Amino acid sequence: MSRYRGPRFKKIRRLGALPGLTNKRPRVGSDLSNQSCSDKKSQYRIRLEEKQKLCFHYGLTERQLLKYVRIAGKAKGSTGQVLLQLLEMRLDNILFRLVVEYYSRQT
């Protein structure tokens, strides 16, 4: 399975806070060059950023995410809820949550 191995804080700064991935917080107003002149985001940009957050947070590739979306679409119930349930049931995600919980209790 391929995971993003590059600098994580750059991704977090760009995508916004992703809980559980780091304790660092991006400074407010430190990245003014990244903001565009208009505050309004298009629907395409909003969906793209949410998809990128999912892929980064769960360590998925585009193809893996597409497979999970198709499975969630065929299942009964809300597609979004089923998708999140499928992603949370992945073994690597469960182990990640256990490790984070273990180290948070150590401090």
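As recorded by an unreviewed UniProt entry, the protein carries the name Small ribosomal subunit protein uS4c and is attributed to Heracleum sosnowskyi. Recorded in UniProt for the protein, the comment headed Subcellular location (unreviewed entry) runs: "Plastid".

## Thoughts on the packing of helix 1 (residues 8–15) against helix 2 (residues 43–58)
Their axes nearest at 11 Å, the elements helix 1 and helix 2 cross at an angle of 150°. Looking at the two axes, helix 1 sits roughly antiparallel to helix 2. The element helix 1 and its partner helix 2 pack so that their crossing is left-handed. Counting all contacts with helix 1, which are made through Arg-8, Lys-11, Ile-12, Arg-14 and Leu-15, the residues of helix 2 involved are Glu-49, Gln-52, Lys-53 and Phe-56. Residues that form the contact of helix 1 with helix 2 fall into these classes: three nonpolar, one polar and five charged.

## What about the nonpolar core?
As a rule of thumb, nonpolar side chains are buried together in soluble globular proteins. Core analysis: the biggest nonpolar cluster contains ten residues, these being Cys-55, Tyr-58, Leu-60, Leu-65, Tyr-68, Ala-72, Val-82, Leu-83, Leu-86 and Leu-87. The greatest single-element share of this core, amounting to four residues, is contributed by helix 4 (residues 79–88).

## Considerations on the pattern of salt bridges
One pass over the full model with this rule turns up seven salt bridges. Between Arg-97 and Glu-88 there is a salt bridge; the shortest N-O distance is 3.2 Å. Classification of Arg-97 as partly exposed rests on a relative accessible area of 34%. On the accessibility criterion, Glu-88 (31% relative accessible area) is partly exposed. Arg-90 serves as the salt-bridge partner of Asp-92, at 3.0 Å between the closest nitrogen and oxygen.

## Re the packing of aromatic side chains
A full pass over the atoms with the stated rule returns one aromatic pair. Ring geometry for Tyr-102 versus Tyr-103: centroids 5.3 Å apart, planes at 75°, classification edge-to-face. Judged by relative accessible area, which is 48%, Tyr-102 ranks as partly exposed. Lying over the aromatic face of Tyr-68, Lys-67 brings its terminal NZ or CZ to 5.7 Å of the ring centre.

Procedures and definitions
- Residues numbered from 1 in each chain as written.
- Predicted model: local features only at pLDDT ≥ 70, side-chain atom pairs only at ≥ 80, totals over all residues.
- Heavy atoms only, no water.
- UniProt positions renumbered as here; feature names shortened; annotations may be inferred.
- Axes fitted to C-alpha atoms, helices over the stretch in contact; angles between N-to-C directions.
- Helix = DSSP H or I, 4+ residues; strand = E, 2+ residues; numbered from the N terminus.
- Parallel < 35°, antiparallel > 145°, perpendicular 65-115°, else oblique.
- Left-handed = near helix turned anticlockwise from the far one by under 90°.
- Contact = heavy atoms within 4.5 Å.
- Nonpolar A, V, L, I, M, F, W, Y, C, P; charged D, E, K, R; others polar.
- Core = buried A, V, L, I, M, F, W, Y, C linked by side-chain atoms within 4.5 Å.
- Buried < 20%, exposed > 50% of the residue type's maximum accessible area, 1.4 Å probe, protein only.
- Salt bridge = Lys/Arg side-chain N within 4 Å of Asp/Glu carboxyl O.
- Phe/Tyr/Trp six-rings, centres within 6.5 Å; stacked < 30°, edge-to-face > 60°.
- Lys NZ or Arg CZ within 6 Å of the ring centre and 35° of its normal.

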